[in-house]
Amino acid sequence: MGDSETDLERDAQSRKAIDASARLPVVFMMASGVFWLLFGTVLAFIASFKLHSPWFLADQAWLTFGRVRPAHLNTMIYGWASMTGIGVLLWLQARLSRVRVPLRKSLIAVGVVWNFAVLAGTVAILAGGSTSVEWLEFPPWVAAILGALFVVVMAASVLTFVRRNVEHVYVSQWYLFGAVFWFPFLYIAGNLVIHGTGASGVAEATANWWYAHNVLGIWFTPIGLAAAYYFIPKVIGRPIHSYYLSLLGFWTLALFYNWAGTHHLIGGPIPLWVQTVGIVASMMMFIPVITVAINHHMTMVGHFDKLEYSPTLRFIVFGAMSYTLVSVQGSLTALRVVNETTHFTHYTIAHAHLGMYAFVTMVLFGSMYYILPRLTGREWSSGPLIRAHFWTTGLGMVLYWVGLTIGGWIQGQMLKNPDIAFIEIVQTTLPYLWSRSFAAALMSVGHFIFAYLVGRMLYEWATDRGKDRLPPMLGGDQ
Amino acid sequence: MSDTRSHPDGPRPDDDDGRQVWLTPPESMQHSLFIAAGVLATVIASYVGLVAIPNWQVNRLEPVMLDNGETYPAERSELAQKGKDVYIDLGCVYCHSQQVRQNDFGGDLSRGWGMRSSVPLDYTREETPVLGTMRTGPDLRNIGGRQPSRQWHYLHLYNPRITSPGSTMPPFRFLFDTVPIEGRTNVPVGRVDMPEEHSVPGHYVVATDRARALVEYLLSLDHDQTLPENANRGTDPEQVDR
């Protein structure tokens, strides 16, 4: 391809057309995502507070801890992260395939029904319809709706990829293509086996953890990595360090992540080989994780100064580094010596948030900072607020993780010692649970700031204002 | 910053995807069919390995006859089964596990949470086993044997800090009714023996149907029986070679 003026001009036109096609479905998904982020944040805070102050909102069944907690998880997973993730996925795949987003009307319908499904599922959980199967608490009929919607998203994304208008396929496209095959299969098979008559007894538990672990592993992780592989080179303006490393990283992730889930059942009443498979696969995960870490790091080397200026890069790099950290931690936690202490403690909760928040959520924030201005034609309205968003969520997450990791470890050590009365353990964890609520408050502030920024951008877009604002600079001499 | 850009997130509007910046990837990764087949193969393989085969393996387990002539695991009474639904809808599983871990792995046995560790056979009759992943509270797999008093459970559910000072378990007062004493000739079924300082003046505190079912379920949690040899058919994680 030559780089003549006309080629560049033609490309710019084609990007405009692609962004125009993505505008409604992607903005709708992301705006819905932000709504669920706020909703889930409120639930998170209530749940966190209850753990140290059990009298808090204790008189209504629908606000009891055992309902608010799964309601929080499900709104975050199926509302915030999935909807926003689908927005990112559709846009990235269209941009990289250089074709317009297909099935646009259906996708908007998907978004609308999706919101109703998540709402119905959440209300059902709060009203007592939870299944108490972790990560699959929505009643089966809600799951059936979501399963059908996932298939439409899959169709749209596969269609985009198959119609692609480029000579070669970029790393991010493999991951996105993988995600849209993996997840619908996972979701539908998982629900059928668990809610149908497929599995009973402890086989249901292995199916449960095959599913739950893979939601992160082969749905959010590929979307997150696709975004990181796209935005890091994009923002700093240099190619990815090595294609062959990415290839190795992709296929080893595909091979091993799937099998790691049963490390959630170590020491439990399931056949030993199932536990061992989970541990071995967790160890093998070092390969894709280190590969990706090297690849991203080598790409970034010499460009870390750009973190100061680019909101996208800040959030994405925070997320990519967390991916390495959470994966290494996860592999080590699968070792029996470590697991003996950490299993059944708050340590695991810290770990889960390192994955779903420090990695996935931060990458989604970063992606939105890049994508939304391109779709709405508006710039973000405030540099200081973006900085505040970054620091409240970033520091909040660090505090969250440190507090619960230490608290959970101590809890685990005490649990192993039968001379310590149980109630003493309960009391010992209290300060750490308070530190989590404090962290949750910080993160909540960040979420409301972000929601304000997004809301303002969409408002300006809808009312045809704020077109000539310059992009905010985050650091340096502004 | 070395190169001054017009936009902090990179050049605009010239977002040249698919040009200069990207190198050419390996040939094989250009084919959607190849990727799709590989991707599907990986997830289907793990489904077979972690879902289908374990399912087949534990589905072969059958209830056994104990030395005392009883079948194990026993079928739960209808009321206890209803109680399990309450346990599920109130989400007790987010604070309580129901699995006694293997010997020498954690302090489960030494804490008195069971006489033996749990095995797959213990769960054969359960449509939804609530194994749990969190121990904010103690393991409940054998709570029925450990704490067989109905009244204790009522009081504890009504307000955990009555029976267990310092507890962070939430109160489940909404599982109880208060009934005026005046004008009643008989004591209502499910009356809770409230200690003086916690009683509701002029009222009985009465367990609702849901509370009664829940406690029935808790009392049914008793899985300490010694199992005959070979009952586990190679699924007991502690007996690898059988």
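Details of the structure are given in the entry above.
Quick notes on the rules
- Residues numbered from 1 in each chain as written.
- Chains lettered and ligands numbered in written order.
- Predicted model: local features only at pLDDT ≥ 70, side-chain atom pairs only at ≥ 80, totals over all residues.
- Heavy atoms only, no water.
- Helix = DSSP H or I, 4+ residues; strand = E, 2+ residues; numbered from the N terminus.
- Buried < 20%, exposed > 50% of the residue type's maximum accessible area, 1.4 Å probe, protein only.
- Contact = heavy atoms within 4.5 Å.
- Rg over C-alpha atoms; globule rule 2.2 N^0.38 Å.
- Areas by Shrake-Rupley, 256 points an atom, 1.4 Å probe, with all protein chains shown as cover.
- Phe/Tyr/Trp six-rings, centres within 6.5 Å; stacked < 30°, edge-to-face > 60°.
- Lys NZ or Arg CZ within 6 Å of the ring centre and 35° of its normal.
- Core = buried A, V, L, I, M, F, W, Y, C linked by side-chain atoms within 4.5 Å.
- Domains from an automatic or database assignment.
- Axes fitted to C-alpha atoms, helices over the stretch in contact; angles between N-to-C directions.
- Parallel < 35°, antiparallel > 145°, perpendicular 65-115°, else oblique.
- Left-handed = near helix turned anticlockwise from the far one by under 90°.
- Salt bridge = Lys/Arg side-chain N within 4 Å of Asp/Glu carboxyl O.
- Expected span 1.5 Å × (residues − 1).
- Buried area = accessible area lost by both parts, 1.4 Å probe.
- Polar contact = N/O pair within 3.5 Å; in protein donor to acceptor, adjacent residues only side chain to side chain.
- Nonpolar A, V, L, I, M, F, W, Y, C, P; charged D, E, K, R; others polar.
- Patch = residues over 30% accessible without salt bridge, like charges linked within 9 Å, V, L, I, M, F, W, Y side chains within 5 Å.
- Disulfide = S-S within 2.5 Å.
- Pairing = 2+ DSSP bridges.

Novice: Go over the overall build of chain B with me, naming the residues and quoting the values.
Specialist: Check the secondary structure of chain B and you find six helices and four strands. Here chain B holds 242 residues, and the buried ones make up 55% of them. Taking the contacts inside chain B whose residues are at least 6 apart along the sequence as the reference set, 67% of them involve residues at least 24 apart.

Novice: Please give an account of the overall build of chain A that cites residues and values.
Specialist: A tally of helices and strands in chain A yields 14 helices and zero strands. Counting from the amino terminus, helix and strand elements in chain A follow one another as α-α-α-α-α-α-α-α-α-α-α-α-α-α. In terms of overall size, chain A behaves like a compact globule, its C-alpha atoms giving a radius of gyration of 22 Å where 478 residues would be expected to give roughly 23 Å. By residue count, 67% of the 478 residues in chain A fall in the buried class. Carbon and sulfur atoms make up 71% of the accessible area of chain A, which amounts to about 15300 Å² in all.

Novice: Tell me about the packing of aromatic side chains, and name the residues and values.
Specialist: On inspection of all chains with the given rule, the structure shows 52 aromatic pairs over all chains. Look at tyrosine 87 of chain B and tyrosine 217 of chain B: their rings are 5.4 Å apart centre to centre, the planes differ by 65°, and that puts the pair in the edge-to-face class. Residue tyrosine 87 of chain B is located in helix H2 (residues 78–89), and its partner tyrosine 217 of chain B is located in helix H6 (residues 209–220); the two are separated by 130 residues in the primary sequence. For tyrosine 87 of chain B, a relative accessible area of 1% translates into the label buried. The class for tyrosine 217 of chain B is buried, based on a relative accessible area of 0%. These aromatic residues form a ring-pair network of at least three members: Tyr78, Trp114, Phe138, Phe150, Phe183, Tyr187, Tyr211, Trp219 and Phe220 of chain A. In this arrangement the basic side chain of arginine 314 of chain A is found over the ring face of phenylalanine 390 of chain A, its NZ or CZ atom lying 5.3 Å from the centre.

Novice: Requested: an account of the nonpolar core, with residues and values cited.
Specialist: Considering soluble globular proteins, one finds that nonpolar side chains tend to be buried as a cluster. Among the nonpolar cores identified, the biggest contains 202 residues, and Trp80, Trp91, Trp114, Tyr211 and Trp219 of chain A together with Phe176 of chain B are the most heavily contacted of them. It is helix H6 (residues 202–236) of chain A that contributes the most residues to this core, 24 residues altogether. Shared between two domains, this core holds at least three residues of each, these being domain 1 (1–60) and domain 2 (67–230) of chain B. Ile420, Phe422, Ile425 and Val426 of chain A belong to the second largest nonpolar core, which has seven residues in total.

Novice: Got a sec to walk through the packing of helix H13 (residues 383–416) of chain A against helix H14 (residues 422–462) of chain A? Specific residues and values, please.
Specialist: A pair of packed helices is characterised by two quantities: the angle between their axes and the separation of those axes. Residues and elements named next belong to chain A. Contact geometry for H13 and H14: axes closest at 8 Å, N-to-C directions at 165°. With respect to H14, the axis of H13 lies roughly antiparallel. In terms of crossing hand, the pair formed by H13 and H14 is left-handed.

Novice: Explain the pattern of salt bridges residue by residue, including any values.
Specialist: Side-chain pairing between opposite charges can occur once the charged atoms of the two side chains come close. One pass over the structure, following the stated rule, counts 18 salt bridges over all chains. Note that glutamate 460 of chain A is salt-bridged to arginine 456 of chain A, the shortest N-O span being 3.3 Å. Placement of the pair is glutamate 460 of chain A and arginine 456 of chain A together in helix H14, with a separation of four residues, close to one helical turn. Relative accessible area serves as the criterion here: at 6%, glutamate 460 of chain A is assigned to the buried category. In the salt-bridge network here, residues are joined through shared partners; they are Arg76, Lys84, Glu126 and Arg141 of chain B.

Novice: Hey, could you go over helix H5 (residues 171–195) of chain A for me, with residue numbers and the actual values?
Specialist: With 25 residues, H5 of chain A extends 36 Å between its outermost C-alpha atoms, agreeing within 8% with the 36 Å of an ideal straight helix rising 1.5 Å per residue. With 21 of 25 residues buried, H5 of chain A lies mostly within the body of the structure.

Novice: Can you explain the interface of chain A and chain B? Please cite residues and give values.
Specialist: You'll often see interface size given as the accessible area lost when the parts meet. Counting residues at the interface gives 123 residues for chain A, matched by 100 residues for chain B. Interface area for chain A against chain B, summed over the two sides, is near 9600 Å², with a carbon-plus-sulfur share of 62%. The partner of arginine 67 of chain A in a salt bridge is aspartate 89 of chain B, and the shortest N-O contact between them spans 2.5 Å. In this assembly, chain A and chain B are joined by 22 residue pairs in polar contact (both at pLDDT 80 or more). Sorting elements by how many residues they give to the side of chain A that touches chain B places H6 of chain A first, with 14 residues. The residue inventory of the side of chain A that touches chain B, partitioned by class, reads 72 nonpolar, 29 polar and 22 charged.

Novice: Can you break down the packing of H6 of chain A against helix H9 (residues 286–300) of chain A residue by residue, with the values?
Specialist: Residues and elements named next belong to chain A. Contact pair H6 / H9: the axes reach a minimum separation of 10 Å and the direction vectors enclose 15°. Here H6 is positioned roughly parallel relative to H9, judged by the angle of their axes. For the element pair H6 and H9, the recorded crossing hand is left-handed. Judged by residue contacts, Leu225, Ala228, Tyr229, Ile232 and Ile236 of H6 engage Val292, Asn295, His296, Thr299 and Met300 from H9.

Novice: Explain unusual backbone geometry residue by residue, including any values.
Specialist: In this structure, the amide linkage connecting tyrosine 72 of chain B to the following residue, proline 73 of chain B, adopts the cis form with an omega of -5°. Here proline 73 of chain B lies in the loop between strand S2 (71–72) and H2. Although it is not a glycine, tryptophan 135 of chain A adopts a positive phi angle of roughly 75°. Among the secondary structure elements, tryptophan 135 of chain A is positioned in the loop between helix H3 (104–129) and helix H4 (140–162). Judged by relative accessible area, which is 12%, tryptophan 135 of chain A ranks as buried.

Novice: Explain the environment of serine 382 of chain A to me, using residue names and the numbers behind them.
Specialist: All names here are of chain A. Here serine 382 lies in the loop between helix H12 (346–376) and H13. In this structure serine 382 comes out as buried when scored by relative accessible area, which is 15%. For the pair serine 382 and proline 471, spaced 89 residues apart in sequence, the C-alpha to C-alpha distance is 8.6 Å. Each residue touching serine 382, except ones within four places of it in the same chain, is listed here: Leu453 and Pro472. A distance of 3.0 Å separates the side chain of serine 382 from the backbone nitrogen of leucine 385, its partner in a polar contact.

Novice: Run through a nonpolar patch on the surface, naming residues and quoting values.
Specialist: Residue and element names in this part refer to chain A. There is a patch of nonpolar side chains on the surface, built from Val112, Val113, Phe116, Leu119, Val123, Trp141 and Ile145 and spanning about 620 Å² of accessible area. Contributing elements (two or more residues each) for the nonpolar patch: H3 and H4. You can see isoleucine 145 is positioned in helix H4. Residue isoleucine 145 is classed as partly exposed on the basis of its relative accessible area, which comes to 30%.

Novice: Describe in detail the side chain of histidine 346 of chain A, supporting the description with residues and values.
Specialist: Structurally, histidine 346 of chain A can be placed in helix H12. Residue contacts for histidine 346 of chain A: discarding those within four places in its chain leaves Leu51, Leu404, Gly408, Gln411, Thr429, Leu433 and Arg436 of chain A together with Met134 and Thr136 of chain B.

Novice: Go over the state of the cysteines, please, and point to the residues and values.
Specialist: Among covalent bonds in proteins, the disulfide is the one between the sulfur atoms of two cysteines. Residue and element names in this part refer to chain B. Within the structure shown, the criterion is met by zero disulfides over all chains. For cysteine 92, which is in no disulfide, the shortest distance to another cysteine sulfur is to cysteine 95 and amounts to 8.6 Å. For cysteine 92, a relative accessible area of 14% puts it in the buried group. Cysteine 95 sits in the buried class, given a relative accessible area of 13%.

Novice: Would you mind going over the pairing of strand S4 (residues 203–207) of chain B in detail, with residue names and values included?
Specialist: The two faces of a sheet get side chains in turn, since along a regular strand they alternate between them. Residue and element names in this part refer to chain B. Of all five residues in S4, four are buried, a share of seventy percent or more. Both strand S3 (residues 176–180) and S4 contribute to a ladder of five bridges, which runs antiparallel. For aspartate 177, the partnering residue across the bridge sits in S4 and is valine 206.

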